[in-house]
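Chain and residue survey
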Amino acid sequence: MIDFINSTLRFATPLIFASMGGLLCERAGIATICIEGIILVSAFTSAAFDYYSSSPWLSLGAALLVGGVFMLLHAFLTVRVKSDPIISAITVNLLASGMTPLLMKLLFSNSTNTPSLPQENRFLPVFIPFLSSFPIIRHFSNHLSLVYLAILLPFVIQITLTNTRWGLRLIAAGDGPEALVTSGVSLNHTRFVALFLGGCLMAFSGSYLAIGHSSQFIRDMSAGRGFIALAAIIIGKWQPIPTLVACVFFGFTDALQIELQSSEMLNLILPAQFIQSLPYVISLVVLVFAMGRAKPPLAIGQTSR
Amino acid sequence: MTLPFLQFDRVSKNFNGNSANTLVSFEVQQGSFHGIVGENGAGKSTIMKILYGVHSPDSGTILLNGISTQFNNPNQAIRAGIGMVHQHFKLVPTLSVWENIILGHEPTSLFIPKTNLLATIQQLQNDFGFSLDLEEKVETLPVGQQQQVEILKLLFRKARILILDEPTAVLTPQESEVLLNRLLQLKKQQKTIILITHKLREILEFTDTVTIMRQGKVVATESTASLDEHKLATLMMGRDRQVPVTSQRSFEPQTAVLEVSSLSTKSRKGLQLRNLSLNVAAGEIVGIAGIEGQGQEELVQVLTQLKSFSGHIKMLGEDLLNFTAYQNRQRGFGVIPPDRQKNGLILPFTNEYNLILGHHWEKPFQGLGCLSFPHIRQFAQDQLKHFDVRPCHPDLSTATLSGGNQQKIIIAREASDRVRFLLACHPSRGVDIGAMEFFHEHFRKLRAEGAGILLISSDLDELRTLSDRILVIRNGAFIAEKAASNWTLPDLGLCMTGTES
């Protein structure tokens, strides 16, 4: 049971980072379906950078920068050139999935994965003595530092949105861009900053996947997590805490899937592919039922003027 | 003589060769309530937008306290103490009242000091006699209160000059009264108010001085005390305005075009229609009066088949539900929707397409399944000329027209000669007197030709001028009905607000 909860947290972590990044962008009024692409480029950056630098933290920094810069591309296309955000995001996604194998081929002469990293160059579990003194919680006190960060992040974002002037302006950019402009705030500036920071948060997710959860970058390793994160945002109605809950739920289905795969009984009855598809099927079903009442930021879907 | 507070000196502005303002000169005194009046397209909004830094003038200067001033954007104007309430509010619906007020003007601390700000804004409310719930979300507020948020927002920014662009166009008569009295309060506290409007009554009752504009030029700037309605209208229109006449039916109403009996709607939330019965005969105009949101919208939705109902409705002699909405339109049902931009037009479309919308599948607009452009063009040109739409270009996007001209396009389409039952909702909301009279004349002509009209309006003068009978709707039910000539204005007002039934 404890293992199962820990496994759920591990699977939820990349989703939380990705969805929090996406949430910032969407709340600023820009539809952002390119979370997937950002996870890919940042995961690749982490793995490649770690290979040369042997430092996971430096690699994380590099990934954040690359993730942010890629989102600036999305920002430039949507905010500055005012192109359609869906088209722009598809561009980013395609660019990411095409560019990473090419760079791998150039750097490592292998277009499917980067070289495996030694254990000491990856993120290692951080044992938190403070937590271990509590009776039940101590079983959950041996995670990567990124996992703790992920669980804290939605609360930080919630506070930022509701209690800082930056958050106020961000919400205004999404729900009433004209009001923001007439109040004398630069809409473009607000959205550029939001998208850059959103990209950085998504990059945490990529870094976690490549050098925390596993030890290399594998082609298309994001495996739809960017879209699951998007689903979590929608189910969470663009609110940080409910989105966190949705992410944990998806993490749970992932953990369940692994659990079921290891059960030999079930494997005889059901093909493995069926079990592997479970998280995606569940997200589809949940989305269908949650979708009717979801209320996106008002500026989403309108072409920016 | 004191120096004028705000002075416009020979300001001109052209848009693509069309002059919007020509040599506009007038003065506004500090602490006065100044009206700017004129028909749609007279250049009232343009001159204020030049002051506010939205547009820059081609020539001429604006003097503030005797100093030549030109703002490049609204921020500079706000910093100089000028604030504008736009006709369409610029608020963030999902944020609360206080958040909207401070937006763009927040303290620079890490966290927003909410308690301090609430106290500051509350003080502001007390000073100027507002009483809004600051924690309420703006989207849940009625329009009148949203407007108050806009005004508070300007006061929070310490605006000395408040410009209001057609503020009462979206308000009920009661809300308008509240707003205008509040503006008088602000004037007493040394604020300068500039009110753009085309409602003569507001000018005469509330302003100190008034600038009358016509076709981009200032006709006169006068002290209001020296004017009466007739004189003001003459200056504004450049011709004698007809005094509204109580309508006279040319012949007795005949067959019913609309028969509604025991109509009710069910809805989980919002308003229900309760047991409505109503007849509209051919050759009759029936008015429905009521405060906004008493079931008028639901009634329109039922008649246009957007909402299910129980009860019986016969339109043009047949059960409403025997036909689709499209078929009913072809049988002679016309609708002037309450929100023309949302439901009446496809704004980016050209005028000619908007003129045939919903009839585009009929001959001669189509042949062999394709649109027949020469016929459409010919038809559009005739209609634009007949309804005096300006500018008269069939291939101009409708979005570029002024509100009044957009409404003319809808009326040209929906209230054509072949219409037999017309549902007209707020037909002259936000249009100038010239267009309003034109519409009224057109409706009378339709009636004389035997069409039945159901008129829903919040303009009581319009209802009394046009209608044969007026029903009052309140809380989803008709509570009174009289011949139009038997209603007095106070009666109607009392009945609508529910102080008497």
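Residues numbered from 1 in each chain as written. Chains lettered and ligands numbered in written order. Predicted model: local features only at pLDDT ≥ 70, side-chain atom pairs only at ≥ 80, totals over all residues. Heavy atoms only, no water.

**Overview of the overall build of chain A**
- Per the secondary structure count, chain A includes 14 helices and two strands.
- On C-alpha atoms alone, chain A measures out to a radius of gyration of 19 Å, which is about the 19 Å that the 2.2 N^0.38 rule sets for 305 residues.
- Along the three orthogonal principal directions, the C-alpha set of chain A runs to about 60 × 45 × 45 Å.
- In chain A, buried positions account for 52% of the 305 residues.
- Within chain A, residue pairs in contact and separated by at least 24 positions form 75% of the contacts whose partners lie at least 6 positions apart.
- Counting only carbon and sulfur atoms, one obtains 70% of the accessible surface of chain A, whose full area is about 13300 Å².
- Here chain A carries 16 positive and 12 negative side-chain charges, and the mean point of each set is 11 Å from the other. (Helix = DSSP H or I, 4+ residues; strand = E, 2+ residues; numbered from the N terminus. Rg over C-alpha atoms; globule rule 2.2 N^0.38 Å. Buried < 20%, exposed > 50% of the residue type's maximum accessible area, 1.4 Å probe, protein only. Contact = heavy atoms within 4.5 Å. Areas by Shrake-Rupley, 256 points an atom, 1.4 Å probe, with all protein chains shown as cover. Lys, Arg positive; Asp, Glu negative; His and termini not counted. Charge placed at Lys NZ, Arg CZ, Asp CG, Glu CD.)

**What to know about the packing of helix H1 (residues 2–27) of chain A against helix H11 (residues 240–262) of chain A**
Residues and elements named next belong to chain A.
- In the contact formed by H1 and H11, the axes pass within 7 Å of each other and the chain directions differ by 140°. Overall, the two elements H1 and H11 adopt an arrangement that is oblique. The hand of the H1/H11 crossing is right-handed.
- Looking at the contact of H1 with H11, its residues break down into 16 nonpolar, five polar and two charged. (Axes fitted to C-alpha atoms, helices over the stretch in contact; angles between N-to-C directions. Parallel < 35°, antiparallel > 145°, perpendicular 65-115°, else oblique. Left-handed = near helix turned anticlockwise from the far one by under 90°. Nonpolar A, V, L, I, M, F, W, Y, C, P; charged D, E, K, R; others polar.)

**Focus on the domain arrangement of chain B**
Residue and element names in this part refer to chain B.
- Taken domain by domain, chain B consists of domain 1 (6–237), domain 2 (254–332 + 419–501) and domain 3 (346–417).
- A straight line from the C-alpha centre of domain 1 to that of domain 2 covers 34 Å.
- Of the residues lining the interface, ten residues belong to domain 1; the matching set on domain 2 comes to eleven residues.
- Roughly 910 Å² is buried in total at the junction of domain 1 and domain 2, and carbon and sulfur atoms are behind 62% of that figure.
- Where the side of domain 1 that touches domain 2 is concerned, the elements lending two or more residues are helix H6 (173–188) and helix H8 (229–237).
- Residues belonging to the side of domain 1 that touches domain 2 are distributed by class as follows: five nonpolar, four polar and one charged. (Domains from an automatic or database assignment. Buried area = accessible area lost by both parts, 1.4 Å probe.)

**Observations regarding the interface of chain A and chain B**
- At the interface, 20 residues of chain A touch 23 residues of chain B.
- At the boundary of chain A with chain B, total buried surface from both sides reaches about 1700 Å², with 62% on carbon and sulfur atoms.
- Applying the counting rule to chain A against chain B returns two salt bridges.
- The salt bridge involving Arg169(A) is made with Glu106(B); its shortest N-O contact spans 2.6 Å.
- Summed over the shared surface of chain A and chain B, the result is five residue pairs in polar contact (both at pLDDT 80 or more).
- No other element matches helix H7 (residues 165–175) of chain A, which puts six residues into the side of chain A that touches chain B.
- Of the residues contributing to the side of chain A that touches chain B, the split by class is eight nonpolar, seven polar and five charged. (Salt bridge = Lys/Arg side-chain N within 4 Å of Asp/Glu carboxyl O. Polar contact = N/O pair within 3.5 Å; in protein donor to acceptor, adjacent residues only side chain to side chain.)

**Structural notes on the sheet that holds strand S6 (residues 82–85) of chain B**
Residues and elements named next belong to chain B.
- Here six strands make up an open sheet; going across it, the order is S6-S7-S8-S3-S9-S10 and the pairing mixed. Of all strands in the sheet, those with a lone pairing partner are S6 and strand S10 (217–223), marking the two edges. This sheet shows a mean twist of 15° between the axes of neighbouring strands, independent of strand direction.
- Along the sheet, helix H1 (residues 44–51) contacts strand S3 (33–37), S6, strand S7 (161–165), strand S8 (192–197) and strand S9 (209–214); its crossing angle with S8, the most-contacted strand, is approximately 145°.
- Helix-sheet contacts for helix H5 (residues 143–156) involve S6 and S7, and the interaxial angle to S6 is about 170°. (Pairing = 2+ DSSP bridges.)

**Re the packing of aromatic side chains**
- Applying the stated criterion across every chain yields a total of 14 aromatic pairs over all chains.
- Measuring from ring centre to ring centre gives 5.2 Å for Tyr51(A) and Phe108(A), while their planes differ by 90°; the resulting arrangement is edge-to-face. Within this pair, whereas Tyr51(A) is found in helix H2 (residues 35–53), its partner Phe108(A) is found in helix H4 (residues 85–108), the two being separated by 57 residues in sequence.
- Directly above the ring of Phe130(B) sits Arg182(B), whose terminal nitrogen or CZ lies 4.6 Å from the centroid.
- One Lys or Arg, Arg331(B), reaches over the ring of Phe323(B) and ends 4.0 Å from the middle of that ring. (Phe/Tyr/Trp six-rings, centres within 6.5 Å; stacked < 30°, edge-to-face > 60°. Lys NZ or Arg CZ within 6 Å of the ring centre and 35° of its normal.)

**Some words on a nonpolar patch on the surface**
Residue and element names in this part refer to chain A.
- Nonpolar side chains collect at one region of the surface, where Tyr51, Tyr52, Leu102, Leu106 and Leu107 lie side by side and expose about 550 Å² of accessible area between them.
- Elements supplying a minimum of two residues to the nonpolar patch: H2 and H4.
- Here the nonpolar patch gets three residues from one element, more than from any other, and that element is H4.
- Within the secondary structure, Leu102 sits in helix H4. (Patch = residues over 30% accessible without salt bridge, like charges linked within 9 Å, V, L, I, M, F, W, Y side chains within 5 Å.)

**Notes on the pairing of strand S22 (residues 477–483) of chain B**
All names here are of chain B.
- The pairing of strand S21 (residues 469–474) with S22 spans six bridges and is classified as antiparallel. Residue pairing for S22: Ile470 is matched across the bridge by Lys482.
- Counting the residues that bridge the hairpin from S21 to S22 gives two residues, and of these Asn475 lies at a positive phi of roughly 50°.

**Observations concerning the sheet that holds strand S14 (residues 310–315) of chain B**
Residues and elements named next belong to chain B.
- Spatially, S12-S11-S14-S15 is the arrangement adopted by the four strands of the open sheet, whose pairing is antiparallel. In this open sheet, the two strands that pair with only one neighbour each are strand S12 (276–281) and strand S15 (318–319).
- Bridge count for S14 against S15 is two bridges, and the pairing is antiparallel. Bridging across to S15, Met315 finds its partner in Glu318.

**Side note on H2(A)**
All names here are of chain A.
- With 19 residues, H2 should reach 27 Å at 1.5 Å per residue; the first-to-last C-alpha distance of 26 Å fits that figure.
- Burial within H2 is extensive, with 15 of its 19 residues counted as buried.
- Positive backbone phi, at 60°, marks Ser54, one or two positions downstream of H2. (Expected span 1.5 Å × (residues − 1).)

**So, the packing of helix H3 (residues 56–80) of chain A against helix H9 (residues 187–213) of chain A**
Residue and element names in this part refer to chain A.
- Where H3 contacts H9, the two axes come as close as 6 Å, and the packing angle between them is 140°. In terms of their interaxial angle, H3 and H9 are classed as oblique. Relative to H9, the crossing made by H3 is right-handed.

**Observations regarding the pattern of salt bridges**
Residue and element names in this part refer to chain B.
- In this structure the tally under the stated criterion is 19 salt bridges over all chains.
- When the shortest N-O distance is used, the salt bridge between Lys114 and Glu135 registers 3.3 Å. Linking Lys114 in helix H4 (residues 114–128) with Glu135 in the loop between H4 and H5, this pair joins segments that are 21 residues apart in sequence.
- Using a relative accessible area of 33% as the deciding quantity, one classes Lys114 as partly exposed.
- The salt bridge involving Glu177 is made with Arg201; its shortest N-O contact spans 3.7 Å. Here Arg201 lies in helix H7 (residues 200–206) and Glu177 lies in helix H6, a separation of 24 residues in the sequence.
- For Glu177, a relative accessible area of 31% corresponds to the partly exposed category.

**A look at H4(A)**
Residue and element names in this part refer to chain A.
- The terminal C-alpha atoms of H4, which comprises 24 residues, lie 34 Å apart, in line with the 34 Å expected from a rise of 1.5 Å per residue.
- Within the span of H4, buried status applies to Pro85, Ser88, Ala89, Val92, Asn93, Ala96, Thr100, Pro101, Met104 and Phe108.
- Those residues of H4 hidden inside the fold are in contact with H2, H3 and helix H10 (225–235).
- Downstream of H4 by a residue or two, Ser109 has a phi angle that is positive, lying close to 55°.

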